[in-house]
Amino acid sequence: MSGYGRPSAPPGGPPGGYGGAPGYQQPQGGYAAPGGFNAAPGGAAPGGYNAAPAGYGGQPSAPGGYGGQPSAPGGYGGPGYTAPPPPQQPMAQPNLNQIFASVDKDRSGMISVNELQSALSNGTWQPFNPETIRLMISMFDKDGNGTINFQEFGALWKYINDWQNTFRYYDRDNSGSIDQNELQTAIASFGFSLSPKFYRLVVRKFDRDGNQRITFDDFIQCLVIIQTLSAAFQRKDTNRNGWIQINYEEFMELVFSTKI
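Presented here is an overview of the structure given in this document. Source: prediction; values computed, not measured. (Residues numbered from 1 in each chain as written. Predicted model: local features only at pLDDT ≥ 70, side-chain atom pairs only at ≥ 80, totals over all residues. Heavy atoms only, no water.)

The next point concerns the overall build of the protein chain. Helix and strand counts for the protein chain come out as 8 helices and 2 strands. The order of α-helices and β-strands along the protein chain, N terminus first, is β-α-α-β-α-α-α-α-α-α. A burial count over the protein chain gives 48% of its 260 residues as buried. (Helix = DSSP H or I, 4+ residues; strand = E, 2+ residues; numbered from the N terminus. Buried < 20%, exposed > 50% of the residue type's maximum accessible area, 1.4 Å probe, protein only.)

Encoded structure:
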């Protein structure tokens, strides 16, 4: 898939909202991607809803996970992110009421997992990864009822748009998916210092099509897991040197207490 341009400035890190260390500025949203929401009533809604698969355009996002400039020998970076320049042209504000209504098919005033999955595209004709849907619902479902109300939807809308722009920037060949080299460039730029062996493992885990590439929905899940596990590790790494010493039970507690 081709035909879309990339932002001229790189995102500083993965979008915020889940995991990571404090101290980062929130990203600027407002774009469409070869993933994202399908068409709203009346065609493309302000802010960039497109039918899948489609091209996308917009501005880069800023980070929310803990990253910044890469640092060695530890496995993660630290604060120090500089926000990208603001959009050169003002972005049209989306009509969130219209968008929410188009996703809320049963008119319940709440968006369910199935409704959100039906509304999202990953740039292919395959269903959006249900695990990514579950992650995003859990992140923005503040009242814990398993659905997204209108107030929660506004934050979710911005979060998905921010991910779209991050994905778009690192999709260097404009293919609509991320290969191992592009993934390594993205994760390294977020401040994570990891080996080629790790990136090969990640691509194998999140490549659902067997083509050694990662689609938009799996890219979100991959980066959210890396952010979350890194934040859990960082809480134990009191010396900030990329090493921790824990026993078996402490390891199990770390794993089971990490929200993924």
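M136, W163, L183, F219 and L223 are the most contacted members of the largest nonpolar core, which totals 43 residues. Elements that contribute at least two residues to this core include exactly α1 (96-103), α2 (113-119), α3 (130-140), α4 (150-170), α5 (180-189), α6 (196-206) and α7 (216-236). The contact partners of M136, leaving out residues within four places of it in the chain, are L120, F128, L156, Y159 and I160. (Core = buried A, V, L, I, M, F, W, Y, C linked by side-chain atoms within 4.5 Å. Contact = heavy atoms within 4.5 Å.)

Among the secondary structure elements, R168 is positioned in helix α4. The charged side chain of R168 is buried without a salt bridge, its nearest counter-charge being D171 at 9.0 Å. For R168, the side chain forms a polar contact with the side chain of N165, separated by 3.1 Å. (Lys, Arg positive; Asp, Glu negative; His and termini not counted. Salt bridge = Lys/Arg side-chain N within 4 Å of Asp/Glu carboxyl O. Polar contact = N/O pair within 3.5 Å; in protein donor to acceptor, adjacent residues only side chain to side chain.)

Pairing is possible between side chains that carry opposite charge, provided their charged atoms lie close to one another. Going through the model one piece at a time under the given rule, you end up with 7 salt bridges. Here D162 and K158 are joined by a salt bridge, their closest N and O atoms 3.1 Å apart. Separated by 4 residues within a single helix, D162 and K158 lie in helix α4, roughly one turn from each other. By relative accessible area, K158 is classed as partly exposed at 32%. Where salt bridges share partners, they join D173, D179, E182 and R213 into one cluster.

With that out of the way, let us pick up the packing of aromatic side chains. Enumeration according to the criterion identifies 11 aromatic pairs in this entry. Measuring from centroid to centroid gives 5.8 Å for F198 and Y199, while their planes differ by 75°, and the two rings are edge-to-face. Three or more aromatic residues joined by ring pairs make a cluster, and in this case those are F128, F140, Y159, W163, F167, F216 and F219. Here the basic side chain of K205 rests over the ring of F206, its NZ or CZ set 5.8 Å away from the ring centre. (Phe/Tyr/Trp six-rings, centres within 6.5 Å; stacked < 30°, edge-to-face > 60°. Lys NZ or Arg CZ within 6 Å of the ring centre and 35° of its normal.)

Residues that lie three or four places apart on an α-helix share one face, since the helix turns once every 3.6 residues. The terminal C-alpha atoms of α4 lie 31 Å apart, and with 21 residues this matches the ideal 30 Å at 1.5 Å per residue to within 8%. Burial runs high along α4: 16 of the 21 residues are buried. (Expected span 1.5 Å × (residues − 1).)

Here the focus is a nonpolar patch on the surface. There is a patch of nonpolar side chains on the surface, built from Y248, F251, V255 and F256 and spanning about 500 Å² of accessible area. Mapping V255 onto the fold places it in helix α8 (residues 248-257). Judged by relative accessible area, V255 falls into the partly exposed class, the value being 44%. (Patch = residues over 30% accessible without salt bridge, like charges linked within 9 Å, V, L, I, M, F, W, Y side chains within 5 Å. Areas by Shrake-Rupley, 256 points an atom, 1.4 Å probe, with all protein chains shown as cover.)

Right, let's get into the packing of α6 against α7. At their nearest, the axes of α6 and α7 sit 10 Å apart, and the two run at 130° to each other. Overall, the two elements α6 and α7 adopt an arrangement that is oblique. α6 and α7 meet at a crossing whose hand is right-handed. Two secondary-structure elements touch here, α6 through F198, V202 and F206 and α7 through D218, Q221, C222, I225 and I226. (Axes fitted to C-alpha atoms, helices over the stretch in contact; angles between N-to-C directions. Parallel < 35°, antiparallel > 145°, perpendicular 65-115°, else oblique. Left-handed = near helix turned anticlockwise from the far one by under 90°.)

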